[in-house]
Amino acid sequence: YSLAVIPDGAAGAGSFYVQELNAISTGEPTWTPRLVITPSGQTQVQGGAVGTVSDARLKKNIDAIEQPLDTLLALRGHRFEYTDPAQAMGATGVRMGFVAQEVAEVVPQWVSANADGIFSVAPSGFEALTVEAIREQQQRIDVLQANNRELADVLQQSRTQNTQLQAQLEALAARLAALEAAKEQ
């Protein structure tokens, strides 16, 4: 593997590359980019994903995420533009994301500040929070569906009972009419 910064055009800013040397398949040495960090800060991974060490043997105090749906719903995404893109690593244009001060109220471990007091958000564990929130939401949906089925059954029973009562009422009305007609004679 090699590390390289390759300039992009006249500006001189370059992309940072982690490249793999491959001389086996072609006989000629070729470099294949495996990870690129562009001048705009975008990270690109070829043929894989950026991973996090997750081996259970390296963890302790493993607990369920408490109230994942409430936590996820307490986060608010925003559309925004940076007032000074230079302080945001040159990020220009309309963007989507969180406001660190809001995130700190919900998931404080995601927020950090640099030496100048500028906050940033690194939502480590966002995927786990999202999975557990979806799981909690699905449990709520399952309960609502079960309640809906029960209510549908009750409604059907009420309709059946209503039909039977309507038939009985019509029979009683016919008998009453026959009795009144006989009384008049």
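The preceding data block contains the structure.
Please read these numbers as outputs of a predicted model, since none were measured by experiment.

Scanning the model with the defined rule gives two aromatic pairs in all. Relative to Tyr 82, the ring of Phe 80 has its centre 5.2 Å away and its plane inclined at 80°; by these criteria the two rings are edge-to-face. The class of Tyr 82 is partly exposed, set by a relative accessible area of 38%. Pairing Trp 110 with Phe 126 gives two aromatic rings, centres 6.0 Å apart and planes at 55°, and the pair type is tilted. A residue pair is termed long-range when its members are at least 10 positions apart, and Trp 110 in the loop between α2 (100-106) and β7 (111-113) and Phe 126 in helix α3 (residues 126-184) qualify at 16 residues. Given a relative accessible area of 5%, Trp 110 falls into the buried group. Taking the relative accessible area as the measure of exposure, Phe 126 reaches 29% and is therefore partly exposed.

Moving on: the nonpolar core. With seven residues, the main nonpolar core is built from Leu 75, Ala 100, Val 103, Val 107, Trp 110, Val 111 and Leu 129. Contact partners of Val 103, with chain neighbours within four places excluded, come to Leu 75, Phe 98, Pro 108, Trp 110, Val 111 and Val 121.

Moving on, we get to unusual backbone geometry. Where the residue is not glycine, phi is negative for most of them; where a peptide bond is considered, it is trans in most cases. With a phi close to 55°, Asn 61 is a non-glycine residue in the positive phi region. As for its placement among the helices and strands, Asn 61 is situated in the loop between β4 (43-45) and α1 (68-74). Classification of Asn 61 as exposed rests on a relative accessible area of 65%. Positive phi, normally seen in glycine, also occurs at Gln 67, with a value near 45°. Counting through the fold element by element, Gln 67 comes out in the loop between β4 and α1. Judged by its relative accessible area of 54%, Gln 67 falls in the exposed class.

About the thresholds
- Residues numbered from 1 in each chain as written.
- Predicted model: local features only at pLDDT ≥ 70, side-chain atom pairs only at ≥ 80, totals over all residues.
- Heavy atoms only, no water.
- Phe/Tyr/Trp six-rings, centres within 6.5 Å; stacked < 30°, edge-to-face > 60°.
- Buried < 20%, exposed > 50% of the residue type's maximum accessible area, 1.4 Å probe, protein only.
- Helix = DSSP H or I, 4+ residues; strand = E, 2+ residues; numbered from the N terminus.
- Core = buried A, V, L, I, M, F, W, Y, C linked by side-chain atoms within 4.5 Å.
- Contact = heavy atoms within 4.5 Å.

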